[in-house]
Amino acid sequence: MANATDISISKTFIAGLWEENPVLRLLLGMCPTLAVTAAVKPALTMGCSVIFVLICSNIVVSLMRNLLKPHLRILMFTLTIATFVTIADLFLKAYVPDMSETLGPYIPLIIVNCIIICRAEACASQNGLVVSVIDAIGMGLGFTGTLCVLAGIRELLATGKVFEIVVFAARDPVTNEGWFTPWAAMGMPVGAFVTLGLLLGLVNLITKKQA
Amino acid sequence: MDTVTVLLMGFISIMIVNNMVFSKFLGICPYLGVSGRIDMAFGMGCAVTFVITLSGALTWLIDYCVLQHLGLEVMRYVCFILVIAGAVQLVEMYVRKFFPAMYDSFGIFLPLITTNCAILGLCLFINLWGIDNLPEAVVLSIGAGLGFTLAICIMAGIRENLALADVPICLKGAPITLITAGILTLAFMGFAGMIR
């Protein structure tokens, strides 16, 4: 019995990372994915905030799942999420003000991030505490991972750096040193849309091969 | 500049130059989900425009007249989301009563307007830009709603034609839609700098 539970828990965890990866497979939470991935650092901050909110809201929703009236549940989910997002927002403002500045309204916009409300509805409102938390961690890591991959590609092509460390030496217009010509378009909205489109295509290709 | 010019500039700016979908990445979920057919896209755009106008005005009033006076800025997000949820509920009841066919075809996407980031996003931007009068807040809200409608209708028109095109199999569906959206953004970037 204990063994079976272990298997289902590890399955829940892995599912969030790949099979049901929120961005790449379920197409949830696209707005932050596109908006904050111009560089890795804001993407990572965003991912961590989402993990925090996801875990906390899953815990609360899971604990109160038996008390919820069906027609009021979405409202309750949203209020729970809004509370935790306020906490995360104040925390970032206090301890990492520069990141809070960069991310701007996208931190409060976690409230309407479909991933969180989807997990509250699909997982936490039907499962116990442990499964809900594991699910939240898996989903959160899947989201953060995707964000970082996308941000890594975009930052590398737009500036030649990853995590603000120089990888490709960008050409200096005066001394003409370095060989890499930065793709300005990658830092713009168009880069976000096209890179994510191609990434989704790649994932489709890989899953087709496996099947 | 007189008031009318300021309002007009703000309107054009948020509708075209700083379009919610193309430059702020807000409202991507319905933008990808409902843009399959042009009539549904237009209906969705109208619903969003209505909700965004209502909630833009209401959240500005609540924020400016109540929260800032009482020093309760911490409660801002909770209040905003409650106003939006209420407005969506109103639209949902209206559509179900008067346009039942449209209600059926929207399915899950109608209640999901609540979690449309364009709406909460606009309320937050109005707050962030420090808009201090109601007419400007209302005009910006209408502009943002119309901008969203414009974006989703253009996309639906393209996708109706895209359905007939020969797309590589792994790019079918969401990937090609995203790439198309990217190219559309590029077109809209031509407006950048027209108004700050």
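Just so it is clear, the model here is predicted, and its values are computed rather than measured.

Parameters at a glance
Residues numbered from 1 in each chain as written. Chains lettered and ligands numbered in written order. Predicted model: local features only at pLDDT ≥ 70, side-chain atom pairs only at ≥ 80, totals over all residues. Helix = DSSP H or I, 4+ residues; strand = E, 2+ residues; numbered from the N terminus. Rg over C-alpha atoms; globule rule 2.2 N^0.38 Å. Buried ≥ 20, exposed ≤ 12 C-beta atoms within 10 Å, placed from the backbone. Contact = placed C-beta atoms within 7 Å. Axes fitted to C-alpha atoms, helices over the stretch in contact; angles between N-to-C directions. Parallel < 35°, antiparallel > 145°, perpendicular 65-115°, else oblique. Left-handed = near helix turned anticlockwise from the far one by under 90°. Nonpolar A, V, L, I, M, F, W, Y, C, P; charged D, E, K, R; others polar. Core = buried A, V, L, I, M, F, W, Y, C linked by C-beta atoms within 7 Å. pLDDT = per-residue confidence, 0-100.

Peer 1: Quick question: what am I supposed to make of the overall build of chain B here?
Peer 2: A count of helical and extended segments in chain B gives nine helices and zero strands. Listing the helices and strands of chain B from first to last along the sequence gives α-α-α-α-α-α-α-α-α. Its C-alpha atoms give chain B a radius of gyration of 18 Å, within 12% of the compact-globule value 16 Å for 196 residues. Counting only C-alpha atoms, chain B reaches 60 × 45 × 30 Å along its principal axes. In chain B, buried positions account for 44% of the 196 residues. Counting only contacts in chain B whose residues sit at least 6 apart along the sequence, the fraction spanning at least 24 positions is 81%.

Peer 1: What exactly am I supposed to notice about the overall build of chain A here?
Peer 2: In terms of helices and strands, chain A carries nine helices and two strands. In chain A, the succession of α and β elements from N to C terminus is α-α-α-α-α-α-α-β-β-α-α. Principal-axis analysis of the C-alpha atoms gives chain A an extent of 70 × 45 × 30 Å. Considering chain A as a whole, with its 211 residues, one finds that 45% of them fall into the buried category. Put simply, of all contacts in chain A between residues at least 6 apart along the chain, 74% involve residues at least 24 apart.

Peer 1: How should I be thinking about the packing of helix α4 (residues 73-95) of chain A against helix α5 (residues 76-98) of chain B in this particular structure?
Peer 2: The description of two helices packed together rests on the angle between their axes and the distance between the axes. Their axes nearest at 9 Å, the elements α4 of chain A and α5 of chain B cross at an angle of 155°. With respect to each other, α4 of chain A and α5 of chain B are oriented roughly antiparallel. In this structure, the crossing between α4 of chain A and α5 of chain B has a hand that is right-handed. Two secondary-structure elements touch here, α4 of chain A through Leu75, Thr78, Leu79, Ala82, Thr83, Val85 and Thr86 of chain A and α5 of chain B through Tyr77, Val78, Ile81 and Ala85 of chain B.

Peer 1: Before we go on, may I ask you to explain the environment of asparagine 18 of chain B in this structure?
Peer 2: All names here are of chain B. Tracing the backbone shows asparagine 18 in the loop between α1 (3-17) and α2 (20-24). Remark: the alpha-carbon pair of asparagine 18 and alanine 156, spanning 138 residues in sequence, is separated by 20 Å. Once you skip the residues sitting within four places of it in the chain, asparagine 18 turns out to touch Ser13, Ser23 and Lys24.

Peer 1: Sorry, what's going on with unusual backbone geometry here?
Peer 2: What you tend to see is this: most non-glycine residues have negative phi, and most peptide bonds are trans. Residue and element names in this part refer to chain B. The phi torsion at phenylalanine 25 lies on the positive side, around 55°, for a residue other than glycine. As for its position among the elements, phenylalanine 25 is in the loop between α2 and α3 (28-33). On the basis of neighbour counts, which here come to 27 C-beta atoms within 10 Å, the residue phenylalanine 25 falls in the buried class.

Peer 1: Is there a simple way to think about the interface of chain A and chain B in this case?
Peer 2: Opposite the 31 residues of chain A that make contact, chain B presents 31 residues. At the level of elements, α2 (30-35), α4, α6 (114-124) and α9 (189-210) of chain A are the ones that each hand at least two residues to the side of chain A that touches chain B. Examining the composition of the side of chain A that touches chain B, we find that eleven residues originate from one element, α9 of chain A, more than from any other. Class assignment of the residues belonging to the side of chain A that touches chain B gives a composition of 23 nonpolar, seven polar and one charged.

Peer 1: Sorry, what's going on with the nonpolar core here?
Peer 2: In globular proteins that are soluble, nonpolar side chains generally tend to be buried together. In this structure, Val53 and Ile111 of chain A together with Val51, Ala118 and Leu120 of chain B are the most contacted members of the largest nonpolar core, which totals 112 residues. Examining the composition of this core, we find that eleven residues originate from one element, helix α8 (residues 134-162) of chain B, more than from any other.

Peer 1: Help me understand the environment of isoleucine 74 of chain A, please; the structure alone is not making it clear to me.
Peer 2: Mapped onto the elements of the fold, isoleucine 74 of chain A is located in helix α4. Sequence separation between isoleucine 74 of chain A and alanine 136 of chain A is 62 residues, and the spatial gap between their C-alpha atoms is 18 Å.

Peer 1: Any chance you could explain the packing of α9 of chain A against helix α9 (residues 174-188) of chain B here in plain terms?
Peer 2: One can describe the packing of α9 of chain A onto α9 of chain B by two numbers: an axis separation of 8 Å at closest approach and a directional angle of 165°. As far as their axial angle goes, α9 of chain B and α9 of chain A are roughly antiparallel. Two packed elements cross with a definite hand, and for α9 of chain A against α9 of chain B that hand is left-handed. Where α9 of chain A approaches α9 of chain B, its residues Pro189, Val190, Phe193, Val194, Leu196, Gly197, Leu200, Gly201 and Asn204 of chain A are matched on the opposing element by Ala174, Pro175, Ile176, Leu178, Ile179, Ala181, Gly182, Thr185 and Leu186 of chain B.

Peer 1: Looking at this model, I keep getting lost on the confidence of the model for chain A. Mind explaining?
Peer 2: When pLDDT drops low, the exact placement of atoms in the prediction is not to be read closely. When pLDDT is averaged along chain A, the result is 84, and 96% of the positions lie at 70 or above. The lowest-confidence element of chain A is helix α1 (residues 2-17) of chain A, averaging 71 in pLDDT; the highest-confidence one is helix α3 (residues 40-63) of chain A, averaging 92.

Peer 1: Hey, could you run me through the environment of alanine 35 of chain A in this one?
Peer 2: Structurally, alanine 35 of chain A can be placed in helix α2. C-alpha of alanine 35 of chain A to C-alpha of proline 189 of chain A: the two residues are 154 residues apart in sequence and 7.8 Å apart in space. Contacts of alanine 35 of chain A, omitting those with residues within four sequence positions, involve Tyr106 of chain A together with Phe25 of chain B.

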